[in-house]
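Structure at a glance
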Amino acid sequence: AFTGNPFAIKLLQLRHVGNQKLTELARAEALSLSRIRHQNLVPVTDAGMTEQGVVWMVMPLLDGVTLRDFVGIHGRLSPL
């Protein structure tokens, strides 16, 4: 990045390109998350769709463990 700020890009998996339902769900997710500001959510700073139909989202890159690794260490999370 020109700004020097690390970022992550989330993409709709290529195998799902052409699946209208999943494309619309990914698009709705991107739009919703770009509008929400909450301390427990990573903000989506930009989103769009390529000419090939791949939905993408840009968000800050965070340091830490993945959710999968966290659950592997601490066990399942309570919904509350």
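Right, let's walk through the structure included here. Computed from a predicted model, the values in this text were never measured in an experiment.

1. Concerning the overall build of the protein chain
- Counting its secondary structure elements, the protein chain contains 2 helices and 3 strands.
- From first element to last, N terminus to C terminus, the protein chain shows the α and β order β-α-β-β-α.
- Computed over C-alpha atoms, the radius of gyration of the protein chain comes to 15 Å, more than 25% over the 12 Å expected from 2.2 N^0.38 for 80 residues, which places it beyond the range of a compact globule.
- With respect to the three principal axes, the spread of C-alpha positions in the protein chain is 40 × 35 × 20 Å.
- Partitioning the contacts of the protein chain with sequence separation of at least 6, the portion at a separation of at least 24 is 47%.
- Total accessible area on the protein chain stands at roughly 6800 Å², and carbon and sulfur atoms take up 58% of it.
- Between the averaged position of the 8 positive side-chain charges in the protein chain and that of its 6 negative side-chain charges there is a distance of 9 Å.

2. Let's talk about a nonpolar patch on the surface
- A grouping of V65, L67, F70 and L77 is seen on the molecular surface, where their side chains present a nonpolar patch of about 390 Å² in accessible area.
- Mapped onto the fold, L67 is located in helix 2 (residues 67-74).

3. Topic: the side chain of T23
- Mapped onto the fold, T23 is located in helix 1 (residues 20-35).
- When near neighbours in sequence (up to four residues on either side) are disregarded, T23 contacts L12, H16, G18, M49, G53 and V55.

4. Structural notes on the pairing of strand 2 (residues 46-49)
- Alignment of strand 2 against strand 3 (residues 55-60), held across 4 bridges, turns out to be antiparallel. By the bridge assignment, D46 is partnered in strand 3 with V58.
- Between strand 2 and strand 3, which pair antiparallel in sequence order, lie 5 residues; one of them, G53, sits at a positive phi of approximately 95 degrees.

5. A few points about the sheet that holds strand 1 (residues 7-11)
- Spatial strand order, 1-3-2: 3 strands in an open sheet with antiparallel pairing. In this open sheet, the two edge strands, each paired with only one partner strand, are strand 1 and strand 2. The mean inter-strand angle of the sheet, taken between neighbouring strand axes irrespective of direction, is 20 degrees.
- Against the sheet, helix 1 makes contact with strand 1, strand 2 and strand 3, and its axis sits at roughly 30 degrees relative to strand 3, the strand it touches most.

Analysis parameters
- Residues numbered from 1 in each chain as written.
- Predicted model: local features only at pLDDT ≥ 70, side-chain atom pairs only at ≥ 80, totals over all residues.
- Heavy atoms only, no water.
- Helix = DSSP H or I, 4+ residues; strand = E, 2+ residues; numbered from the N terminus.
- Rg over C-alpha atoms; globule rule 2.2 N^0.38 Å.
- Contact = heavy atoms within 4.5 Å.
- Areas by Shrake-Rupley, 256 points an atom, 1.4 Å probe, with all protein chains shown as cover.
- Lys, Arg positive; Asp, Glu negative; His and termini not counted.
- Charge placed at Lys NZ, Arg CZ, Asp CG, Glu CD.
- Patch = residues over 30% accessible without salt bridge, like charges linked within 9 Å, V, L, I, M, F, W, Y side chains within 5 Å.
- Salt bridge = Lys/Arg side-chain N within 4 Å of Asp/Glu carboxyl O.
- Pairing = 2+ DSSP bridges.
- Axes fitted to C-alpha atoms, helices over the stretch in contact; angles between N-to-C directions.

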